[in-house]
Amino acid sequence: MVFTIGIIQDHATPDVRENLSRAERLVRDAARRGAQIVCLKELFAAPYFCKSQQSDRFDLSEPIPGPTTEAMQRLARELAIVIVVPLFERQAAGLYRNSAAIIDADGSLLGVYRKMHIPDDPLFYEKYYFTPGDAAAERTGAGAARTDAGGFTVWKTRYATIGVLICWDQWYPEAARITSLLGAQVLFYPTAIGWHPSEKDEWGKAQVDAWRTIQRSHAIANGVYVASPNRVGHEDEPGTNGLDFFGHSFIADPFGRLIAEAGEGEEVLVAQCDPALIENVRRNWPFLRDRRVDAYGPILNRYLGS
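Residue positions are given per chain, counting from 1 as you read along its sequence in written order. Local features in this predicted model are restricted to residues of pLDDT 70 or higher, and side-chain atom pairs are both shown and tallied only at a pLDDT of 80 or more, whereas totals for entire chains, interfaces and linings draw on every residue. To obtain the side-chain values, all non-hydrogen atoms of the structure were included, while hydrogens and water were left out.

Caption draft 1: The overall build of the protein, seen in detail. Looking only at helices and strands, the protein features six helices and 16 strands. Radius of gyration: over C-alpha atoms. The globule rule applied is 2.2 Å multiplied by the number of residues raised to the 0.38 power. A compact globule built from 306 residues should have a C-alpha radius of gyration of about 19 Å, and the protein, at 18 Å, falls within 12% of that. When the 306 residues of the protein are sorted by exposure, 54% land in the buried category. Sequence separation of at least 24 residues holds for 69% of the intrachain contacts in the protein that already meet a minimum separation of 6. Note on conventions: DSSP H or I runs of at least 4 residues are helices, E runs of at least 2 residues are strands, and numbering of each starts at the N terminus. Relative accessibility decides the category of a residue: with a 1.4 Å probe and only protein chains considered, values under 20% of the type maximum give buried, values over 50% give exposed, and everything between is partly exposed. In this analysis, two residues are considered to be in contact whenever any of their non-hydrogen atoms come within 4.5 Å of each other.

Below is the structure:
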């Protein structure tokens, strides 16, 4: 059956309650417009704190389940929608993750995806904060509600089977392929990506185009829908020029066509997804059929050159 997805593009302030309140308002807007599955941006409840390495910023984390997921569970139950809630997760003392909680339309917590690929670049010091995801994924929901492989997971929600990957994961075709092979009909990529202001004039357009193109290629290569909500706005960091988060959230169909696209301000994107199109695309572009799975063993090496 056709299902409708929504993605939320907004900013964040240091006031966590304000961020949660704004997110609830925008999720309600998406639901009013027909969205049955709604995804928030990466680390939605706070500014992007990885711009520097400061141990007190671990205090922004919370357990899953915890106060934010419980609030979103109530909202999902009230609106009868699925919500993907990306959070800074405190799994245990000294063990923190960049995670996304998946909440079904009855308010139940189906499980948690933990970001597999962790970057470390100027103003994106994520390796300091996050332990990467692994095969020991959180098994919160019923076993029948999820399928996983090596840390990649799909969830059978009320409305569709969804995969969730997070930001830096979006540059890796392996992540998209495995999640698609697990049965995902749509890949959600909650994101926090932006420009270094000093690079914006020279590289800004090319960076956005590259970000959009790699994800559209995942839609095409796997015959799935792709939805990427990014954050917007300038965020300061003492001693630096901060970051300009560039927005441009989008939803692409299995042909890679953009069926919804945002600019650089607060926006809610909503689009219908038709599983019949997935079927049709895969019949005419049978990439999954023609894969040479017997020949791909070398990909398990980090490098094959001399």
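Caption draft 2: Representation of helix α1 (residues 16-32) in the model. Here the expected span of a helix is defined as 1.5 Å times the quantity of residues minus one. With 17 residues, α1 extends 24 Å between its outermost C-alpha atoms, agreeing within 8% with the 24 Å of an ideal straight helix rising 1.5 Å per residue. Taken together, the buried positions of α1 are Asn 19, Leu 20, Arg 22, Ala 23, Leu 26, Val 27 and Ala 30. Projection of α1 onto a plane perpendicular to its axis shows the buried side chains occupying an angular sector of 165°, all on one side. Counted as exposed and oriented over 90 degrees from the buried face of α1: Arg 17 and Arg 32. Capping of α1 at its N-terminal end is provided by Asp 15; its side-chain oxygen lies 3.0 Å from the backbone amide nitrogen of Arg 17. Here the arc refers to the directions that run from the helix axis out to each C-beta atom. Nitrogen and oxygen atoms within 3.5 Å of one another constitute a polar contact, given that in protein one can donate a hydrogen and the other can accept it, and given that sequence-neighbouring residues count only through two side-chain atoms.

Caption draft 3: Molecular detail of the state of the cysteines. By disulfide we mean two sulfur atoms from cysteines, separated by a distance within 2.5 Å. As enumerated under the stated definition, the model contains zero disulfides in all. No disulfide involves Cys 50; its sulfur sits 9.9 Å from the nearest other cysteine sulfur, which is in Cys 167.

Caption draft 4: The arrangement of the side chain of Asp 104 in detail. Mapped onto the elements of the fold, Asp 104 is located in the loop between β4 (95-103) and β5 (109-114). Charged residues are defined here as Lys and Arg on the positive side and Asp and Glu on the negative side; His and the ends of the chain fall outside this count. Just to be clear on terms, a salt bridge is a Lys or Arg side-chain nitrogen sitting within 4 Å of an Asp or Glu carboxyl oxygen. Among buried Asp, Glu, Lys and Arg side chains, Asp 104 stands out as unpaired, with Arg 158 the closest opposite charge at 5.3 Å.

Caption draft 5: Quick look at the sheet that holds strand β12 (residues 232-235). Should DSSP find at least two bridges between two strands, the strands are regarded as paired. In space, the three strands of this open sheet follow the order β10-β13-β12, with antiparallel pairing throughout. This sheet does not close on itself; its edge strands, each paired only once, are β10 (194-195) and β12. Two elements, β10 and strand β13 (residues 243-246), share two bridges in a ladder whose sense is antiparallel. When the bridges of β13 are listed, Gly 194 appears paired with Phe 245.

Caption draft 6: Main features of a nonpolar patch on the surface. Note on patches: the residues involved have over 30% relative accessible area and no salt bridge, like charges join within 9 Å, and the nonpolar side chains Val, Leu, Ile, Met, Phe, Trp and Tyr join within 5 Å. Accessible areas in this description were obtained via Shrake-Rupley with a 1.4 Å probe; residue shielding takes into account the shown protein chains only. Taken together, Val 293, Tyr 296, Ile 299 and Leu 300 make up a surface patch of nonpolar side chains, about 460 Å² in accessible area. Locating Ile 299 in the fold gives a position in the segment after α6 (275-284).

Caption draft 7: A look at the nonpolar core. The definition of a nonpolar core used throughout is a set of buried Ala, Val, Leu, Ile, Met, Phe, Trp, Tyr and Cys residues joined through side-chain atoms within 4.5 Å. If you look at the biggest cluster of nonpolar residues, it comprises 52 residues, and the most contacted ones within it are Ile 5, Ile 37, Tyr 113, Ile 162, Val 164, Phe 188 and Ile 251. Residues contacting Ile 251, with those up to four places away along its chain left out, are Ile 5, Ile 7, Val 226, Ala 227, Arg 257, Leu 258, Ile 259, Ala 260, Leu 269, Val 270 and Ala 271. Formed by 26 residues, the second largest nonpolar core is a distinct cluster that contains Ala 23, Ala 35, Ala 45 and Ile 64.

Caption draft 8: Structural context of the pairing of strand β1 (residues 3-9). Among the seven residues that make up β1, seven are buried, leaving the element largely enclosed by the rest of the structure. Where β1 meets strand β16 (residues 267-273), seven bridges bridge the pair, whose relative direction is antiparallel. Each bridged residue has a counterpart across the sheet, and for Ile 5 the counterpart in β16 is Ala 271. Here β1 runs beside strand β2 (residues 37-39); their pairing, made up of three bridges, is parallel.

Caption draft 9: The sheet that holds strand β6 (residues 146-149), seen in detail. With respect to topology, seven strands assemble into an open sheet ordered β6-β7-β8-β9-β11-β14-β15, the strand pairing being mixed. Lying at the two open borders of the sheet, with one neighbouring strand each, are β6 and β15 (258-261). Looking at each pair of strands side by side, their axes are set apart by 20° on average, direction ignored. Only C-alpha atoms enter the line fits that serve as axes; for helices the fit covers just the stretch in contact. Angles between N-to-C directions range over 0 to 180 degrees. Here helix α4 (residues 173-181) sits on the sheet and contacts β6, β7 (152-156), β8 (161-164) and β9 (186-188); the angle it forms with β7, its principal contact strand, is near 35°.

Caption draft 10: Fine view of the side chain of Arg 97. Locating Arg 97 in the fold gives a position in strand β4. At a separation of 2.8 Å, a polar atom in the side chain of Arg 97 contacts the side chain of Gln 91. In contact with Arg 97, other than residues within four places in its own chain, are Leu 87, Phe 88, Glu 89, Gln 91, Arg 114, Phe 130, Thr 131, Pro 132, Gly 133 and Asp 134.

Caption draft 11: Representation of the packing of α1 against helix α2 (residues 67-79). Here α1 crosses α2 at 20°, and the two axes come no closer than 11 Å. Relative to α2, the element α1 is oriented roughly parallel. Handedness of the crossing formed by α1 with α2: right-handed. For the pair α1 and α2, contact is made by Leu 20, Ala 23, Glu 24, Val 27, Arg 28 and Ala 31 and by Thr 68, Ala 71, Met 72, Leu 75, Glu 78 and Leu 79, respectively. These descriptions rest on fixed angle ranges, namely under 35 degrees for roughly parallel, over 145 for roughly antiparallel, 65 to 115 for roughly perpendicular, and the rest for oblique. What makes a crossing left-handed is the near helix being turned counterclockwise from the far one by less than a right angle; a clockwise turn instead makes it right-handed.

Caption draft 12: Focus on the pairing of strand β3 (residues 82-92). The buried count for β3 comes to eight of eleven residues, which makes it a mostly enclosed element. One ladder, built from three bridges, connects β2 with β3; its direction is parallel. Residue pairing across strands places Ile 37 opposite Val 82, the latter belonging to β3. Both β3 and β4 contribute to a ladder of nine bridges, which runs antiparallel. Paired with Ile 83 across the strands is Ile 103, a residue of β4. Turn length for the β3-β4 hairpin, with the two strands adjacent in sequence and antiparallel, is two residues, and the turn residue Gly 94 shows positive phi of about 80°.

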